[in-house]
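Report on the structure
Residue strings, one per chain:
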Amino acid sequence: MKKIELQDIFLKKEFGLNEEVSLQGWIRNHRKQKQMGFIDFFDGTVFESIQVVYDEKMTNFSEISGYRVGSSIEVQGKLIQSEYNNSLEIVATEVTLIGDSPENFPLQPKKHSLEFLREIAYLRPRSRLFQAVFRVRSVAAMAVHQYFQDKNYVYVHTPLLTTNDGEGAGEAFTVSALDLSKEKADFSKDFFGKQASLAVTGQLEGEAFAMAFKNIYTFGPTFRAENSNTKTHLAEFWMIEPEIAFCELPELMDLQEDFLKYVVKMITEKCASELKFLSQYNQTDLLDRHLKFVDTQIARVTHEDAITILKNAPVKFEFTPEYGEDLAKEHEKYLSEHFGSAVFIYNWPKDIKAFYMKVNDDMKTVAAVDLIVVGSGELMGGSQREARYEQLHDRMVQMGIPSEDLYWYLNLRKFGTAEHSGFGLGFERLIMFLTGMENIRDVIPFHRTPQCCEF
RNA sequence: UCCUCAGUAGCUCAGUUGGUUAGAGCACCUGACUGUUAAUCAGGGGGUCGCAGGUUCGAGUCCUGCCUGGGGAGCCA
């Protein structure tokens with residue numbers, strides 16, 4: 001008898017009715033009766049589970065009745081269309097226990113809180129909710145690569161260890177090979193001869209490659225040591241950072257929009273079962289929301305116009321919106337709801353943005369753009385980069401960025417400079433948007449946040 | 001980092017102005033049941049009330065400190 005997986009039945013449809021099959025997987029639920037029993041069986045290869053029916057004619061009937069939720073089993077039997085509920089099920093000829101799961105197995109067939117599931121993060125992928133979330137995550141990652149590979153972008157692996165100081169993106173984790181339990185930190189004697197850290201961005205190196213391949217993207221882990229305790233921040237997260245040469249801000253926004261819609265569309269096509277379940281769980285029609293998103297043009301508004309809208313809003317904000325200042329969370333929320341689900345805000349005041357962004361002709365704003373999305377906050381942040389050597393150097397000096405250490409980054413403006421633009425997309429925030437999950441800790445397998453580095 | 005709420009059985013939760021032996025549902029064990037699907041019905045076992053102090057004749061309940069988690073804010077993607 002050939003060993004098969006549930007995907008052979010539900011996805012590939014390679015196995016037809018009345019065929020003998022053998023499957024290995026886990027018990028999600030088990031309902032016992034005197035003369036027969038029903039096992040909800042899943043093997044993780046598709047979202048769907050299948051019901052296994054066994055009866056007292058089997059020699060080990062009483063043992064099977066004792067198999068508990070969470071146990072791994074092997075099932076042999078015939079695939080049938082049930083006359084009782086009109087769905088596929090397996091009438092077992094043999095069920096054997098592979099790995100028992102004792103009575104205190106934490107994941108029971110009932111509703112658990114997300115907080116509890118986080119504490120058993122090594123078991124939660126077996127739940128239907130996290131089967132859906134992590135399948136979507138996997139397909140979304142593939143869609144990201146597919147989009148850029150179809151456009152012949154070069155996938156660049158930027159370093160995770162860096163001695164770049166002040167990349168303009170938040171606090172970094174120091175990395176050391178010194179035995180700090182014995183000696184005081186003297187980084188001149190450290191592995192790299194100076195203080196090194198985990199990368200907070202791959203953008204600067206990405207720009208070097210964009211100046212060679214024209215279109216590139218990165219997709220990898222990023223680390224920030226900020227003491228942020230929110231639903232949208234992680235200390236370790238995955239980021240996608242495309243960088244495009246000979247590209248200015250409006251064209252960048254076109255790319256961002258096209259890219260995002262491509263990924264969303266792909267999920268609606270490849271993750272129907274998962275979206276259906278997630279819609280039920282999160283009480284939002286995700287499929288409908290996503291299809292509307294794909295069909296609607298994302299609004300574009302300057303920071304100045306956004307402030308005007310906020311000032312005229314019939315709402316009392318805790319923080320008064322001001323020209324030249326950053327937006328508070330309540331402002332972002334209002335704007336994203338005002339414009340539908342998402343909105344590009346561009347031309348930001350230069351004083352609140354990073355050193356590498358191109359200063360506009362008004363000398364007050366930079367060619368930066370943030371995409372604000374309901375629930376996920378700032379989903380993408382991008383900008384046209386400062387391509388002029390003198391202007392970039394002056395900005396670095398003004399903002400206290402060590403230009404000597406970043407000489408190579410400056411030199412990119414010396415040797416065949418070109419206008420270029422890029423953006424960063426927080427992958428977990430994208431997964432939140434796709435799945436409707438409200439806490440970023442629930443869309444990454446094992447989350448790292450302040451005071452939490454479990455598993 | 002600040003503000004705020006919470007922590008009671010494996011899980012979800014109740015526990016009155018401080019007062020006898022801390023309860024329920026699910027899970028588990030025993031039994032009943034010919035198609036269940038969060039199966040149902042009867043019975044049973046299961047507790048360091050987050051941790052450490054304190055107040056009191058008496059603390060799950062009140063006070064202090066700490067730990068952990070949630071929500072909000074800030075920082076950011």
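Residues numbered from 1 in each chain as written. Chains lettered and ligands numbered in written order. Predicted model: local features only at pLDDT ≥ 70, side-chain atom pairs only at ≥ 80, totals over all residues. Heavy atoms only, no water.

Remarks on the pairing of strand S14 (residues 365-373)
- Counting buried residues along S14, 9 of its 9 residues qualify, which places the element largely inside the surrounding structure.
- Sheet topology note: the S14/strand S15 (residues 377-384) ladder contains 6 bridges and is antiparallel. If you follow Val373 over to S15, its bridge partner there is Gly377.
- Counting the residues between successive antiparallel strands, the hairpin from S14 to S15 contains 3 residues, one of them, Gly375, with a positive phi of roughly 90°. (Buried < 20%, exposed > 50% of the residue type's maximum accessible area, 1.4 Å probe, protein only. Helix = DSSP H or I, 4+ residues; strand = E, 2+ residues; numbered from the N terminus. Pairing = 2+ DSSP bridges.)

Focus: the pairing of strand S4 (residues 72-81)
- Most of S4 sits inside the fold, with 7 of its 10 residues counted as buried.
- As judged from the 7 bridges shared by strand S1 (residues 20-32) and S4, these two strands associate in the antiparallel manner. Following the sheet pairing, Gln24 is matched in S4 by Glu74.
- Sheet topology note: the S4/strand S5 (residues 88-99) ladder contains 10 bridges and is antiparallel. From the neighbouring strand, Leu79 faces S5, where its bridge partner is Ile90.
- Remark: 6 residues form the turn of the hairpin made by S4 and S5, two consecutive strands paired antiparallel; Asn86 in that turn has positive phi of roughly 60°.

Here's the deal with the pattern of salt bridges
- Counting across every chain of the model gives 20 salt bridges.
- Residues Arg118 and Asp442 are paired through a salt bridge, measuring 2.7 Å at the closest nitrogen-oxygen approach. Here Asp442 lies in the segment after helix H13 (427-435) and Arg118 lies in helix H3 (residues 114-119), a separation of 324 residues in the sequence.
- By relative accessible area, Arg118 is classed as buried at 14%.
- By relative accessible area, Asp442 is classed as buried at 0%.
- Residues Lys311 and Glu322 are paired through a salt bridge, measuring 3.5 Å at the closest nitrogen-oxygen approach. Within this pair, whereas Lys311 is found in helix H9 (residues 303-311), its partner Glu322 is found in the loop between H9 and helix H10 (329-338), the two being separated by 11 residues in sequence.
- The exposure class assigned to Lys311 is partly exposed, which follows from its relative accessible area of 37%.
- Here the salt bridges do not stand alone but share partners, grouping Glu207, Glu243, Arg385 and Arg413 into one network. (Salt bridge = Lys/Arg side-chain N within 4 Å of Asp/Glu carboxyl O.)

Focus: a negative patch on the surface
- On the surface, Glu304, Asp305, Asp361 and Asp362 cluster together into a patch of negative charge.
- Along the chain, the position of Asp305 falls in helix H9. (Patch = residues over 30% accessible without salt bridge, like charges linked within 9 Å, V, L, I, M, F, W, Y side chains within 5 Å. Areas by Shrake-Rupley, 256 points an atom, 1.4 Å probe, with all protein chains shown as cover. Lys, Arg positive; Asp, Glu negative; His and termini not counted. Charge placed at Lys NZ, Arg CZ, Asp CG, Glu CD.)

What to know about the domain arrangement of chain A
- Considered domain by domain, chain A is made up of domain 1 (6-110) and domain 2 (124-442).
- A C-alpha centroid distance of 44 Å is found between domain 1 and domain 2.
- Between domain 1 and domain 2, the residue contacts involve 11 residues of the former and 9 residues of the latter.
- Across the domain 1 to domain 2 interface the summed buried area is about 910 Å²; carbon plus sulfur atoms make up 58%.
- Of all residues in domain 1, the largest losses of buried area upon contact with domain 2 belong to Arg28, Phe47 and Leu107, amounting jointly to 62% of the total for that side. (Domains from an automatic or database assignment. Contact = heavy atoms within 4.5 Å. Buried area = accessible area lost by both parts, 1.4 Å probe.)

Here's the deal with the layout of surface pockets
- There is about 680 Å³ of room inside the second largest pocket.
- Forming the boundary of the second largest pocket are 27 residues, of which Arg28, Ser127, Arg128, Leu129 and Phe277 lie nearest the centre.
- Secondary-structure elements contributing two or more residues to the lining of the second largest pocket are S1, strand S2 (36-42), helix H4 (128-150) and helix H7 (272-282).
- Of all the elements, S1 adds the most residues to the lining of the second largest pocket, at 4 residues.
- Looking at the lining of the second largest pocket residue by residue, the class counts come to 12 nonpolar, 8 polar and 7 charged.
- Counting contributing residues, the lining of the second largest pocket receives three or more from each of domain 1 (6-110) and domain 2 (124-442). (1 Å grid on protein atoms, 1.4 Å probe; cavity = no way out; pocket = protein on both sides within 12 Å on 5 of 7 lines; lining within 4 Å. Points joined across faces, edges and corners; volume = space filled by probe spheres on them. Nonpolar A, V, L, I, M, F, W, Y, C, P; charged D, E, K, R; others polar.)

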